[in-house]
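The primary structure of each chain is shown beneath.
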Amino acid sequence: MTEAVIVSIARSPIGRAFKGSLKDMRADDLTTQMVQAALDKVPALDPKDITDLMLGCGLPGGEQGNNLGRVVAVQLGMDHLPGTTITRYCSSSLQTTRMAFHAIKAGEGSAYISAGVETVSRFMKGNSDSLPDTRNPLFHDAEARTKAAEAGGVKWHDPRDDGQIPDIYIAMGQTAENVVTITGISREEQDRWGVQSQNRAEAAINAGFFEREITPVKLPDGSTVSKDDGPRAGTTYEAVSQLKPVFRPDGTVTAGNACPLNDGAAALVIMSDKRAKDLGLTPLARIAGTSVTGLSPEIMGLGPIGAIRAVLKQTGMSIEDIDLFEINEAFAVQVIGSARELNIDPEKLNVSGGAIALGHPFGMTGARITATLLNNLQTQDKQFGIESMCVGGGMGMAMVLERLS
């Protein structure tokens, strides 16, 4: 049976939105650099033999509109190469990898580009209050319920129990506070996870870990950026525990136990195993399986639970078969809650830090986590890994990878 394998990957450093190192980079320009870098790692592949370029973007509007996938293909001089832009919010570039996986399995082609980008610095410029209201009025009552919780004192329970519709437009921070309500995970536990993320990222940086996966970005002024902006050396629990709640006056989610807003891009080249062999390539990893599941939008942070269970069932594996896990750290509470429900060993989870330290450029995150997971599997000489994330709107996605080199 044909297998889909990853033969190269390139990711940019992650910049802090609005004031960070990539704030002046357009999404298309940034993505073009990463796709070219991924292709440069497989010179044996004729670009004319690539079937499609699939780009994940969490919020594809403004500069991130106009079908960025096709824009990037043309910028690269590959007029022959079709391109598409896909959004599944936080898992957009895991979705494009899934699409390449499916297309190869179906025999539709033997080589694909899966990429992801988000430049929050660029698409959120200006006064959002001046934009037209595009929300469906069907959800007005649900939004009012969320606003009441945001004001404080209202504890979450499933609106479906009362015959009500969930708030599809709920802010992600509010979903994190809802997860706190139903899991009982404390502020201290969240803060200690946030500190661990920073400390693990700092240790990985000092060991040269991220240098192995980051492709430097050339900025418009001719300078280059080669390091993530986010990690904060020397982060302590004492400092993080003093931060004020962000989303509710009586809440527990803070800037210290949640991811920031970011900019970044990444790209993978995915092939059939036969094509890779014919080209004399040694694949980095085999895609063993992928999954996507749904749950209430108001507790989207627990999405990895269903997604990981689904992909394990699909691949005939168990939690014990997996050597390393990467769950995107949108919020500490959702990673802790998901890991506990699944009985994941904390020593196997986000071992080089996660998005709380590194950042979460929505469309980039799926591909970035793939790079970090493969890096960790190689560093620790392990075989199987899972990447997963919660997804805005109430979803979870997951993928099982088998390291091959």
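Residues numbered from 1 in each chain as written. Predicted model: local features only at pLDDT ≥ 70, side-chain atom pairs only at ≥ 80, totals over all residues. Heavy atoms only, no water.

### A word on the layout of surface pockets
And then number 1: Reported here for the second largest pocket is a volume of approximately 210 Å³.
And then number 2: The wall of the second largest pocket is formed by Ile205, Phe210, Glu211, Ile214, Ser226, Lys227 and Asp228.
And then number 3: Residue composition of the lining of the second largest pocket, grouped by class: 3 nonpolar, 1 polar and 3 charged. (1 Å grid on protein atoms, 1.4 Å probe; cavity = no way out; pocket = protein on both sides within 12 Å on 5 of 7 lines; lining within 4 Å. Points joined across faces, edges and corners; volume = space filled by probe spheres on them. Nonpolar A, V, L, I, M, F, W, Y, C, P; charged D, E, K, R; others polar.)

### Observations regarding the side chain of Thr146
And then number 1: Among the secondary structure elements, Thr146 is positioned in helix H5 (residues 140–151).
And then number 2: Here Asp167 takes part through its side chain, which lies 2.6 Å from a polar atom of the side chain of Thr146.
And then number 3: Residues contacting Thr146, with those up to four places away along its chain left out, are Asp167, Ile170 and Gln174. (Helix = DSSP H or I, 4+ residues; strand = E, 2+ residues; numbered from the N terminus. Polar contact = N/O pair within 3.5 Å; in protein donor to acceptor, adjacent residues only side chain to side chain. Contact = heavy atoms within 4.5 Å.)

### Overview of the pairing of strand S4 (residues 83–86)
And then number 1: Both strand S3 (residues 52–57) and S4 contribute to a ladder of 4 bridges, which runs parallel. Each bridged residue has a counterpart across the sheet, and for Gly56 the counterpart in S4 is Ile86.
And then number 2: One crossover worth recording links S3 to the parallel S4 by way of helix H2 (residues 68–75), and it is right-handed. (Pairing = 2+ DSSP bridges. Right-handed = clockwise from strand over helix to strand, strands pointing away.)

### With respect to the packing of aromatic side chains
And then number 1: As enumerated under the stated definition, the model contains 3 aromatic pairs in all.
And then number 2: Note on Phe139 and Tyr169: the rings are 5.5 Å apart at their centroids and 75° apart in plane angle, and the pair reads as edge-to-face. Placement of Phe139 in the loop between helix H4 (120–123) and H5 and of Tyr169 in the loop between H5 and helix H6 (172–183) is noted, with a sequence separation of 30 residues between them.
And then number 3: Using a relative accessible area of 13% as the deciding quantity, one classes Phe139 as buried.
And then number 4: Here the aromatic rings of Phe209 and Phe210 are separated by 4.9 Å at their centres, their planes lie at 85°, and the arrangement is edge-to-face. Each member of the pair, Phe209 as well as Phe210, is classed as buried.
And then number 5: A cation sits over an aromatic face here: Arg192 above Tyr237, 3.9 Å from the ring centre. (Phe/Tyr/Trp six-rings, centres within 6.5 Å; stacked < 30°, edge-to-face > 60°. Buried < 20%, exposed > 50% of the residue type's maximum accessible area, 1.4 Å probe, protein only. Lys NZ or Arg CZ within 6 Å of the ring centre and 35° of its normal.)

### Some remarks on the pattern of salt bridges
And then number 1: Under the criterion given, the structure shown has 19 salt bridges.
And then number 2: In this structure, Arg11 engages Glu213 in a salt bridge whose closest nitrogen and oxygen atoms are separated by 2.8 Å. Residue Arg11 is found in strand S1 (residues 4–11), and its partner Glu213 is found in the loop between helix H7 (187–206) and strand S6 (217–218); the two are separated by 202 residues along the sequence.
And then number 3: With relative accessibility at 6%, the residue Glu213 sits in the buried group.
And then number 4: The shortest N-O distance in the salt bridge between Arg26 and Glu63 comes to 3.6 Å. Of this pair, Arg26 sits in the loop between strand S2 (15–16) and helix H1 (27–40) while Glu63 sits in the loop between S3 and H2, placing them 37 residues apart in sequence.
And then number 5: Look at the salt bridges and you will find they share partners, linking Glu3, Lys105, Arg286 and Glu402 into a network. (Salt bridge = Lys/Arg side-chain N within 4 Å of Asp/Glu carboxyl O.)

### A look at the nonpolar core
And then number 1: Grouped together as the largest cluster of nonpolar side chains are 38 residues, with contacts concentrated most on Ile308, Phe331, Ile344, Leu349 and Ile386.
And then number 2: Not counting residues within four places of it along the chain, the set of residues in contact with Ile386 comprises Ile308, Val311, Leu312, Ile322, Leu324, Phe325, Glu326, Leu373, Met399 and Val400.
And then number 3: The next biggest cluster of nonpolar side chains, apart from the first, holds 37 residues, and it includes Leu268, Leu374, Val391 and Met399. (Core = buried A, V, L, I, M, F, W, Y, C linked by side-chain atoms within 4.5 Å.)

### Remarks on the environment of Ile299
And then number 1: As for its placement among the helices and strands, Ile299 is situated in the loop between strand S9 (285–294) and helix H10 (303–315).
And then number 2: Sequence-wise, Ile299 and Pro249 are 50 residues apart; in three dimensions their C-alpha atoms are separated by 19 Å.
And then number 3: Once you skip the residues sitting within four places of it in the chain, Ile299 turns out to touch Trp156, Asn178, Val179 and Ile182.

### Overview of the environment of Gln198
And then number 1: Mapped onto the fold, Gln198 is located in helix H7.
And then number 2: A sequence separation of 158 residues divides Gln198 from Ile356, and the C-alpha atoms of the two residues are 7.2 Å apart.
And then number 3: Leaving out residues up to four positions away in the same chain, Gln198 has contacts with Gly230, Pro231, Arg232, Thr235, Ile356 and Ala357.

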